[in-house]
Amino acid sequence: MGGKSDAAVVRDALGVGVAVGLSGFAFGVTSAGSGLSVLQSCALSLLVFTGASQFALVGALAAGGNPLTAAAGAFFLGVRNAFYGLRLSQLLALPRVVRPFAAQWVIDETAAVALAQPTRRAVRIGFGVTGLTLYVLWNLTTLVGALGAEAIGDTDAWGLDAAGPAVFLALLAPMLTSAMERAVAGIAVLLGLGLLPVLPAGVPVLVAALAAPVALFVEGRRRGRAHRGDVNDVSGEDR
Amino acid sequence: MNTWIAIGATALGCYVVKVAGLLVPAGVLERPLVRRLAALLPVALLAALTAQQTFADGHALVLDARAAGLAAAAVALVLRAPFLLVVAAAVVVTAGVRAVGG
C-alpha cells in the first residue's frame, strides 16, 4: 500500500539517528580513556563507523593486544554489515557508482530503519536520513567525548571503563532470541575468560568466536541425524 | 604507530565487508549456513568481549566495581531502558562502588 508519509519516515529515521548518534560520546570517552589520542578516536569514527567494532578495537588495544589481532576481532564484528548490505542493495536499487559511497552507512541502525519501510521511496529516505544524522552526530559526539576524557584525565575513577562492556551487553541482549544464541554466548564467555590467562591479549576473543561455527556444526549433525531418521521411516512405509 | 596500523586495518576491513554486501551478487551470501554463521558470530564476539572487559585485568580475572556496573546495565536492559541510560547506569554504579570501596 505504501500509505506511510515521507514525514513519518523522516521522523522514524531521526529518532534512531539522534538517539544512537549521541552514543558516539560514550565511544569518544572510552577510546580516549583507553589511551588513544583525540585524532585517533575521531579517525575511527570517521573511517570505521560501526560502533561495536570500534569499541572492540580500543578495548583490545588497551589490553595490550597486537594491532592485527585487535583489528581481526573488530573485523569479525563488522562482517554482519555485509548481510545488511545484501538485503539493502535489492531494496535501495542504487546505481553501481553510488554504492561505494552509500556503503559506509550500511550498519545496524540504518538497516533496521530502512528494512522496516514499505516502499522503495521510503526505504531510500529512511536509509539516507538515518545514515546522515547518525554519521554527523556520531562523529561530533566522538570528538566531544574524547576531548572531555582528556580533560578529566583518570576516566576509570569516573567508572567510564564500564561503558565498553555495557555497550556490548546492550548490543548483545536483543540477539539472545533462542536457546542456540544463548548457548553460543555461554560457550564464548567460558572460552574468552578461560583462555585469558594463557593466551596473548586479543586472541581469546578470536578463539571465543569459534563458538559460532562449532554450535552450527553440532546443530547440523543433530539435524542430519534426525533427517536420516525421517528418510528411513518414509522408505520403510514405501515398502 | 601500532595504533594507526590497527585503525587502518580495521577501517579497510570494515569498509570492504560493507561494500561487498552492496556489490556482490545475492547468491554468494544467500546460503543458509553462511547467513546463520554471520548472525551467530556477533553473539559469540559480543559475549566474550562483555565478559572480558568486565572481569579482566591484564591476564588476571578479577571481581571489581565493573561487575556491579554491568549488573546495573543488565537491570536497565531488563527494564527496557534506552541505550544511553543502560550505559549511564553502568558508569554511575561503577563510579559509586569505587568511591565507597576506596
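Along each chain, numbering runs from 1 in the same order as the chain's sequence is written. Throughout, the order in which chains and ligands are written sets their labels, letters from A for the former and numbers from 1 for the latter. Given that the model is predicted, a residue must reach a pLDDT of at least 70 before its local features are reported, and side-chain atom pairs must reach 80 or more before they are shown or counted; all residues, however, enter totals for whole chains, interfaces and linings.

A. Main features of the overall build of chain A. Looking only at helices and strands, chain A features 13 helices and 0 strands. Secondary structure elements in chain A, listed N-terminal to C-terminal, are α-α-α-α-α-α-α-α-α-α-α-α-α. Oriented by its inertia axes, the alpha-carbon framework of chain A measures out at about 80 × 55 × 30 Å. Here chain A holds 239 residues, and 51% of them are scored as buried. A run of H or I in DSSP becomes a helix once it reaches four residues, and a run of E becomes a strand once it reaches two; helices and strands are each numbered from the N terminus. Note on burial: count the other C-beta atoms lying within 10 Å of the residue's C-beta; 20 or more is buried, 12 or fewer is exposed, in between is partly exposed, and C-beta positions come from the backbone.

B. Looking closely at the overall build of chain B. Counting its secondary structure elements, chain B contains 5 helices and 2 strands. Element order for chain B, N to C, with α for helix and β for strand: α-α-α-β-β-α-α. Here the C-alpha radius of gyration of chain B, 19 Å, is well above what a compact globule of 102 residues would show, namely 13 Å. Here the C-alpha coordinates of chain B stretch approximately 55 × 40 × 25 Å along the principal axes. Out of the 102 residues in chain B, the part that is buried amounts to 44%. The quantity called the radius of gyration is restricted to C-alpha atoms. Its globule counterpart is 2.2 Å times the number of residues to the power 0.38.

C. Region of the structure containing the domain arrangement of chain A. Residues and elements named next belong to chain A. Just so you know, the domain bounds were taken from an automatic or database domain assignment. Partitioning chain A into structural domains gives domain 1 (6-175) and domain 2 (177-239). When each unit is reduced to the centre of its C-alpha atoms, the spacing between domain 1 and domain 2 is 29 Å. The contact criterion used here is simple: two residues whose C-beta atoms, placed from the backbone, lie within 7 Å are in contact. On the side of domain 2, 10 residues touch domain 1, which itself brings 12 residues to the contact. The dominant element in the side of domain 1 that touches domain 2, judged by the number of residues it contributes, is helix α5 (residues 67-78), at 5 residues. Among the residues forming the side of domain 1 that touches domain 2, the class breakdown is 7 nonpolar, 5 polar and no charged. Under the scheme applied, nonpolar residues are Ala, Val, Leu, Ile, Met, Phe, Trp, Tyr, Cys and Pro; charged residues are Asp, Glu, Lys and Arg; polar residues are all the others, including Gly.

D. Summary view of the UniProt feature "transmembrane region" (unreviewed entry) in chain B. UniProt positions are given in the numbering used here, feature names are shortened, and annotations may be inferred rather than shown by experiment. Mapped onto this numbering, the UniProt entry annotates "transmembrane region" (unreviewed entry) at residues 6-25, 37-55 and 67-97 of chain B. Along residues 6-25 of chain B, the helical share is 90% and the strand share 0%, with 30 Å between the first and last C-alpha atoms.

E. Summary view of the interface of chain A and chain B. Across the contact, 82 residues belong to chain A and 62 residues belong to chain B. In terms of residue class, the side of chain A that touches chain B is made up of 63 nonpolar, 15 polar and 4 charged.

F. Focus on the packing of helix α3 (residues 38-47) of chain A against helix α1 (residues 2-23) of chain B. Where α3(A) contacts α1(B), the axes come no closer than 10 Å and their chain directions differ by 10 degrees. With respect to α1(B), the axis of α3(A) lies roughly parallel. Across from A:Q40, A:A43, A:L44 and A:L47 in α3(A), the residues of α1(B) making contact are B:T3, B:I7 and B:A11. For helices, the fitted line uses only the C-alpha atoms of the stretch in contact; every axis is such a line through C-alpha atoms, and the angle between N-to-C directions lies from 0 to 180 degrees. Each angle receives one of four descriptions, namely roughly parallel if under 35 degrees, roughly antiparallel if over 145, roughly perpendicular if within 65 to 115, and oblique otherwise.

G. Representation of the environment of A:T110. Residues and elements named next belong to chain A. Inspection of the secondary structure assignment puts T110 in helix α8 (residues 108-115). By the C-beta count within 10 Å, which is 28 here, T110 ends up buried. With 13 residues separating them in the primary sequence, T110 and V123 have C-alpha atoms 9.7 Å apart. Apart from the residues lying within four places of it in its own chain, the contact partners of T110 are W105, F127, T130, G131 and L134.

H. Region of the structure containing α1(B). A helix's residues, less one, multiplied by 1.5 Å, set its expected span. End to end, α1(B) covers 31 Å across 22 residues, agreeing with the expected 32 Å (1.5 Å per residue, within 8%). By the burial criterion, the buried members of α1(B) are B:A6, B:I7, B:T10, B:A11, B:C14, B:Y15, B:V17, B:K18, B:V19, B:G21 and B:L22. In this structure, the buried side of α1(B) is in contact with α3, α4 (51-62), α5, α6 (80-92) and α7 (99-102) of chain A.

I. Unusual backbone geometry, seen in detail. Here A:F49, not a glycine, exhibits a phi torsion of approximately 45 degrees, which is positive. Mapped onto the elements, A:F49 comes out in the loop between α3 and α4. On the basis of neighbour counts, which here come to 26 C-beta atoms within 10 Å, the residue A:F49 falls in the buried class. Notably, B:R80 is not glycine yet its phi reads approximately 60 degrees, a positive angle.

J. Broad picture of the environment of B:M1. Secondary-structure assignment places B:M1 in the segment before α1. Spatially, the C-alpha atoms of B:M1 and B:L22 are 32 Å apart, while their sequence positions differ by 21 residues.

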